[in-house]
Structures are given as structure tokens and as C-alpha cells.
Amino acid sequence: MTKARRRIKELEQKVGQQQLDLDFFREALRHFEEDQRRSSAPGETGSSKSSKR
């Protein structure tokens, strides 16, 4: 029984890490898609709101 509990704990940790990875990539994809929309918007110039010079 102890071996089963240990395996369950390992799997829960693995699933938790995968959820963190998914959240990271989902957020990165959202930023990428926003940048794509912004750069393809009509009348948009090379500079963007996020540019801080």
C-alpha cells in the first residue's frame, strides 16, 4: 500500500508541474497572438505601446 501512495504522490507532482508548464505556454501564446494582431493591424506603425525608450 505504501508503494501505491508513493506512486500517487509522484503522479500528483508530475501533473502539477505539467499544469504549471501549460499555464506558462498558454500565457506565452496569448502574448504572441496579441503581438501578431497588433503588428497586422491597419495603420499600425513600427513602434508599439510596449516600446519604452
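Structure shown above.
First things first, this report covers the structure right here in the doc. Within each chain, residues carry numbers counting from 1 in the order of the written sequence. Where totals are concerned, whole chains, interfaces and linings use all residues; where local detail is concerned, this predicted model gives features only for residues with pLDDT of at least 70, and gives and counts side-chain atom pairs only at 80 or more. Working from all heavy atoms in the structure, the side-chain values ignore hydrogens and water.

Observations regarding the overall build of the protein chain
Only DSSP runs of H or I covering at least 4 residues are called helices, and only runs of E covering at least 2 are called strands; the numbering of each starts at the N terminus. Helix and strand counts for the protein chain come out as one helix and zero strands. Taking all 53 residues of the protein chain together, 0% fall into the buried category. A simple rule labels every residue: compare its accessible area, found with a 1.4 Å probe on the protein chains alone, to the largest value its type can have, and call it buried under 20%, exposed over 50%, or partly exposed in between.

Concerning the pattern of salt bridges
Basic side-chain nitrogens of Lys or Arg form a salt bridge, by our definition, when they fall within 4 Å of a carboxyl oxygen of Asp or Glu. This model, assessed by the stated rule, comprises five salt bridges. Between Arg 7 and Glu 10 there is a salt bridge, and its shortest N-O distance comes to 3.5 Å. Placement of the pair is Arg 7 and Glu 10 together in helix α1 (residues 2-40), with a separation of three residues, close to one helical turn. Judged by its relative accessible area of 48%, Arg 7 is partly exposed. Taking the relative accessible area as the measure of exposure, Glu 10 reaches 39% and is therefore partly exposed.

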